[in-house]
Amino acid sequence: MFVVHLIASFFSKLQEDPTKMADRFLHAMHLHDDQLSDISTRFQAEMKKGLSVESNAAAAVKMLPTHVRSTPDGSEKGQFLVLDLGGSRFKVLQVKVREGMGIKRGGVEMVEKSYPLPKELHIGSGTELFDHVSESLKDFLHEKNISLEKKHPLAFTFSFPCEQSTLNQGLLLNWSKNFRARGLQGKDVVQALRGAIDRTGGMDVEVLAMVNDTVATMMTCGFDDQYCEVGLIVGTGTNACYMEELRHVDLVEGDEGRMCVNTEWGAFGDDGALKDYITEFDRDVDAASNNPGKQILEKMVSGMYLGELVRLVVLKMAKLRLLFNGHVTDALRTKGTITTEHVAAMEEYKNGLMNTRNILMDLDLTPTPDDCVAVQHVSTIVSFRSSNLVAAGLAAILTRIKQNRNLRTLRITVGVDGTVYKMHPQYPKRLHEVVQRLLPECHVRFVLSDSGSSKGAALVSAVAQRLASRRQQVDVMLSPFRLSQEQLQLVKTRMRMGLESGLKSKGPSAIKMLPSFVYRTPDGTEHGKYLALDLGATHFRALLVNLKQGLQQNSRLYHKIYPIPLEIMQGSGEELFDLIAQCVSDFLDYMGMKNARLPACFVFSFPCEQTAIDTGTLVSWTKGFNATDCEGHDVVSMLREAIKRRNEFDLDIAAVVNDTVVTMMSCAYEDTLCEIGLIAGTGTNVCYMEELKNIEKNEEKTGKMERGEGAPEEEDKQDDGRERERREVPKMCINTEWGGLGDDGSLDDIITPYDIEVDQNSLHPEKQRFEKLTSGMYLGEVVRQVLLDLTKGGLLFRGHVTEALKTPGIFQTKYLSQIERDRLALLQVRSALQQLGLDSTCDDSIIVKEVCGAVSRRAAQLCGAGMAALVDKIRENRGLDHLNITIGVDGTLYKLHPHFSRILQETARVLAPQCNMTFLPSEEGSGKGAALITAFARQKLEK
């Protein structure tokens, strides 16, 4: 019986345990991790809703863009005035960032003064409120002996929800906390401040930035910790901001970089998203507030309401005779008699119970020790719920950042400010532990802000000044790459003059205009098996093509690619052609055709003088080739001799042609209007069908040709008379070698110092100047030269010139295509740069992407201007008011770069408005086109 009595007594005491009683009474405020994860998921959905232009208007969480595009990098400097309006205090400050002898490197020095903000101004007119702010500013300038004549940059911390279209403009959406000043909602508060400053007079102030206190907190902590990209306030009110990828911020144009978003998360729950978690005490607090139904989360977690929540709980428990033996005093019934400071005092580690007893006695209560324990526990439950809810929201933000950046783990710092976080003895530890539990894969550091609102606002202005200064310097350095319409028109004119000059029989010409001895485009009768041997950039390709008769029939193609080592490209000519013969031998073995003497076409993508379709004397090497004893020699003879030395097989080399020609022929097989071939890849070149009567050079050779070869039969009735006449005029394909434009100095006015540097370090200085402005072999090196100059000027990579950046050729053109992809996350740009040993910030990545865009855009525009010159020449040759023509195109730059083809086409169409151009990408051009040309050559011999 004694044991039974002990057990009964134990449970009786357990039931009377004041903490257990409080737990049971407030069970709805206990939030477990599953519930917190659910709240976090709901908040992520609200964030997404607020960021979308379609759903923002209906979103409770507004996700306001701040136009703060960068956190500090430590180089900021300057002297600023700061106004801080938003909480229970109003302050004016002078902030010096790395200014003055007494400030250590990277340091900030502040002089401040707090001014009273009478309650009547909280609820008076907006004009009176801002006049008080302005007069306080002038008083501060007088007191601190700050010159009134000098112009002062000013940052304005305004801790209320505002919609910003620029950094120094903000429309007040609604008041929060206890502010209700009339006439400002929906108005630009910066303009209201400027008006007040004008009314006060005697001050020259420029408002550079308006920021929320969360943003200022993030910027303050970011000045000392580069990983700080989140700002959190838990004080009189609560809010959070973070750096969002700009491509997700629909309310702001552009998708490059990041922008700080002020979540205004205090309104989370206004649309019912927290209805499952709201208690009767929350509803009572909301009903008695200045803004019922608004700022629901803020009323559950912030300093303005925590004390009142505790009072309402204690009051109800007393009425239910669970506390104070049912005794209720007038003081306990009075709103505001328990404050958040009381809550913090009650939870002190050593003196908490004593503080609780004193607070209750001040309310005219006579608490027992159990009453004190119970009330202290109520306070703990209310404040613990606050930290849990903040942790859930913060976990949602950190999860979004991690997902945005496609990271498995995230290292990040959260800058924190606010009286609840600072004053409450247990709050920070609770918050940190819950965030760690909800996001174990994230390494989160919390940094307490030191004068965050004021220092941070000055830093926002300092960062804005730094970015503006850098923006201006970068623009100046990139301006030579931005060609005007007048400049492009000049390039078109010079290209036209070069094309005409190259067709003349006498006098030098930068554009060679080489006859190819290809007289017609396909008509569908071509058929048979042919070999194509393609030597172009850094590889050699052998192809077997089986042409089937009829334009609608598909040809079959087999091929193999062989790399050309650099030492062979720049070795002896004999070594180069012996390697080609070895590759052909391997390919024939691979195809089992070593004993078949097939007709072959040698696709040789370098300038050659031809006297017939099967001979070609190399004029000069281009791109990366510089093999000796080749220039001035017939490359077909050199290939035949190499095959003879190998003595394993024999080939019937029927033709040698340029890659532009085979591209044109391949596309003409699909589109009969195709009479131009364009290559935009490692190198650049173009060919076209020119009327024989206009080819004055080599006239003694071309004059021997059959002038009517390739013309349509007279019975062809489908074309109108003009079209038939156009096609019946004898023509020959001309390989322009337009990459030589500018070798005579005609492009000197658009060539930049970076182009000169690239040219001087190339294999062939002062040659192929147009190609060096436009082709894949050189664009990456131009970009590297610009990046090197920007870095030396301190505008990139913190001024650190790495060995990688000093290495010629390391920045290949393929990186331009990767970096310039639309909506590419800057983390991926940074990853591409890291492959090159370049550790970039977000701001660096934006500039690198801009440099790549400027260089590649200029290249595409120059090619477009050249194409406009060519199509206008063809149109005028034929006496047409309007020309319809197709251009066959090949090359990695045209096909793989995300914007090159579009910009080229747009430029050509603007500069040649009377020409309707269709750009047709070539599919297997070198194989099919070479086979077609070989078929022509064989047909002619058979005739």
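A.B. asks: What's the story with the overall build of the protein in this structure? I'm lost.
C.D. replies: Within the protein one finds 33 helices and 26 strands. In summary, the protein has a C-alpha radius of gyration of 39 Å against a globular reference of 30 Å for 943 residues, an excess of more than 25%. Taken over the C-alpha atoms alone, the protein extends approximately 125 × 85 × 55 Å along its principal axes. Taking all 943 residues of the protein together, the buried fraction comes to 58%. When the accessible surface of the protein is summed, it comes to about 39000 Å², and 49% of that surface belongs to carbon and sulfur atoms. Side chains of the protein give 111 positive and 126 negative charges; the mean places of these two sets differ by 3 Å.

A.B. asks: Help me out: how do you make sense of the environment of Phe649 in this one?
C.D. replies: Residue position: Phe649 is located in the loop between α21 (635-646) and β21 (652-657). Sequence separation of Phe649 and Met593 is 56 residues, and the distance between their C-alpha atoms is 9.5 Å. Residues within four places of Phe649 in sequence aside, it is in contact with Ala581, Val584, Ser585, Leu588, Lys594 and Ile643.

A.B. asks: Looking at this model, I keep getting lost on the nonpolar core. Mind explaining?
C.D. replies: A general feature of soluble globular proteins is that nonpolar side chains tend to end up buried together. The biggest cluster of nonpolar side chains holds 116 residues, and the ones touching the most others in it are Ile676, Leu790, Phe811, Met867 and Met917. Considering each element in turn, this core owes the most residues, 17 residues, to helix α30 (residues 842-877). Here Ile676 is in contact with Met664, Val686, Cys687, Tyr688, Met867, Leu870, Val871, Ile874, Ile885, Thr886, Ile887 and Gly888, once residues within four sequence places are set aside. Phe324, Val343, Leu365 and Val378 belong to the second-largest nonpolar core, a separate cluster that totals 87 residues.

A.B. asks: I keep staring at helix α3 (residues 33-51) and nothing clicks. Help me out?
C.D. replies: Residue pairs three or four apart in sequence face the same way in an α-helix, which turns once every 3.6 residues. Between the first and last C-alpha of α3 there are 27 Å, a value that for 19 residues agrees with the 27 Å anticipated at 1.5 Å per step. Residues of α3 that are buried: Leu36, Ile39, Ser40, Phe43, Glu46, Met47, Gly50 and Leu51. Each buried residue of α3 sits inside an arc of 125 degrees when the element is viewed along its axis, so together they form one side. What points out from α3, more than 90 degrees from its buried face, is the exposed set Asp34, Thr41 and Lys48. Residues of α3 that are buried sit in contact with β10 (238-245), β11 (258-262), α14 (369-404) and α16 (427-438).

A.B. asks: Quick question: what am I supposed to make of the packing of helix α13 (residues 352-362) against α14 here?
C.D. replies: Each pair of packed helices can be summarised by the angle the axes make with each other and by the distance between the axes. With their axes 9 Å apart at the nearest point, α13 and α14 run at an angle of 100 degrees to one another. The pairing of α13 with α14 is recorded here as roughly perpendicular in orientation. Contact with α13, carried on its side by Gly352, Leu353, Thr356, Arg357 and Leu360, involves Cys372, Val373, Val375 and Gln376 of α14 and no other residues of that element. In terms of residue class, the contact of α13 with α14 is built from 5 nonpolar, 3 polar and 1 charged.

A.B. asks: Would you mind going over the pairing of strand β15 (residues 528-535) with me for this structure?
C.D. replies: Each regular strand carries side chains that alternate between the two faces of the sheet. Most of β15 sits inside the fold, with 6 of its 8 residues counted as buried. One ladder, built from 8 bridges, connects β15 with strand β16 (residues 539-547); its direction is antiparallel. Bridge pairing in β16 links Leu533 to Ala542.

A.B. asks: Sorry if this is basic, but what is going on with helix α18 (residues 485-503) here?
C.D. replies: When the terminal C-alpha atoms of α18 are compared, their 27 Å separation across 19 residues agrees well with the 27 Å that a helix rising 1.5 Å per residue should span. Leu488, Val491, Lys492, Met495, Arg496, Gly498, Leu499, Gly502 and Leu503 are the residues of α18 that are buried. In an axial view of α18, the angular spread of the buried residues amounts to 160 degrees, which keeps them on one side of the axis. Along α18, the residues that are exposed and aim more than 90 degrees away from the buried face are Glu486 and Met497. On its buried face, α18 sits against β23 (684-691), β24 (731-735), α26 (769-774), α30 and α32 (900-911).

A.B. asks: What am I meant to see in the sheet that holds β21 here?
C.D. replies: In a beta sheet, neighbouring strands pair by backbone hydrogen bonds and run either parallel or antiparallel. Pairing in this open sheet of 5 strands is mixed, and the strands run β17-β16-β15-β18-β21 from one edge to the other. The open sheet has two edge strands, β17 (556-563) and β21, and neither has a second partner. Between one strand axis and the next, the sheet turns by 20 degrees as a mean value, whatever way the strands run. Both β15 and strand β18 (residues 599-604) contribute to a ladder of 5 bridges, which runs parallel.

A.B. asks: What is the right way to read the packing of aromatic side chains from this model?
C.D. replies: Applying the stated criterion to the full structure yields 24 aromatic pairs. Arranged with centres 6.3 Å apart and planes meeting at 45 degrees, the rings of Phe90 and Tyr115 form a pair that is tilted. Of this pair, Phe90 sits in strand β3 (residues 90-97) while Tyr115 sits in strand β4 (residues 108-115), placing them 25 residues apart in sequence. Phe90 sits in the buried class, given a relative accessible area of 0%. Measuring from ring centre to ring centre gives 6.3 Å for Phe587 and Tyr590, while their planes differ by 35 degrees; the resulting arrangement is tilted. Within this pair, Phe587 and its partner Tyr590 are both found in helix α20 (residues 573-591), separated by 3 residues, close to a single helical turn. Classification of Tyr590 as exposed rests on a relative accessible area of 52%. Ring-pair connections join several aromatic residues into one group, and the members of that group are Phe130, Phe156, Phe158, Phe160, Trp175 and Phe179. One residue, Lys560, lies across the ring of Tyr590, its end atom 4.8 Å from the ring centre.

Rules used throughout
- Residues numbered from 1 in each chain as written.
- Predicted model: local features only at pLDDT ≥ 70, side-chain atom pairs only at ≥ 80, totals over all residues.
- Heavy atoms only, no water.
- Helix = DSSP H or I, 4+ residues; strand = E, 2+ residues; numbered from the N terminus.
- Rg over C-alpha atoms; globule rule 2.2 N^0.38 Å.
- Buried < 20%, exposed > 50% of the residue type's maximum accessible area, 1.4 Å probe, protein only.
- Areas by Shrake-Rupley, 256 points an atom, 1.4 Å probe, with all protein chains shown as cover.
- Lys, Arg positive; Asp, Glu negative; His and termini not counted.
- Charge placed at Lys NZ, Arg CZ, Asp CG, Glu CD.
- Contact = heavy atoms within 4.5 Å.
- Core = buried A, V, L, I, M, F, W, Y, C linked by side-chain atoms within 4.5 Å.
- Expected span 1.5 Å × (residues − 1).
- Arc of directions from axis to C-beta.
- Axes fitted to C-alpha atoms, helices over the stretch in contact; angles between N-to-C directions.
- Parallel < 35°, antiparallel > 145°, perpendicular 65-115°, else oblique.
- Nonpolar A, V, L, I, M, F, W, Y, C, P; charged D, E, K, R; others polar.
- Pairing = 2+ DSSP bridges.
- Phe/Tyr/Trp six-rings, centres within 6.5 Å; stacked < 30°, edge-to-face > 60°.
- Lys NZ or Arg CZ within 6 Å of the ring centre and 35° of its normal.

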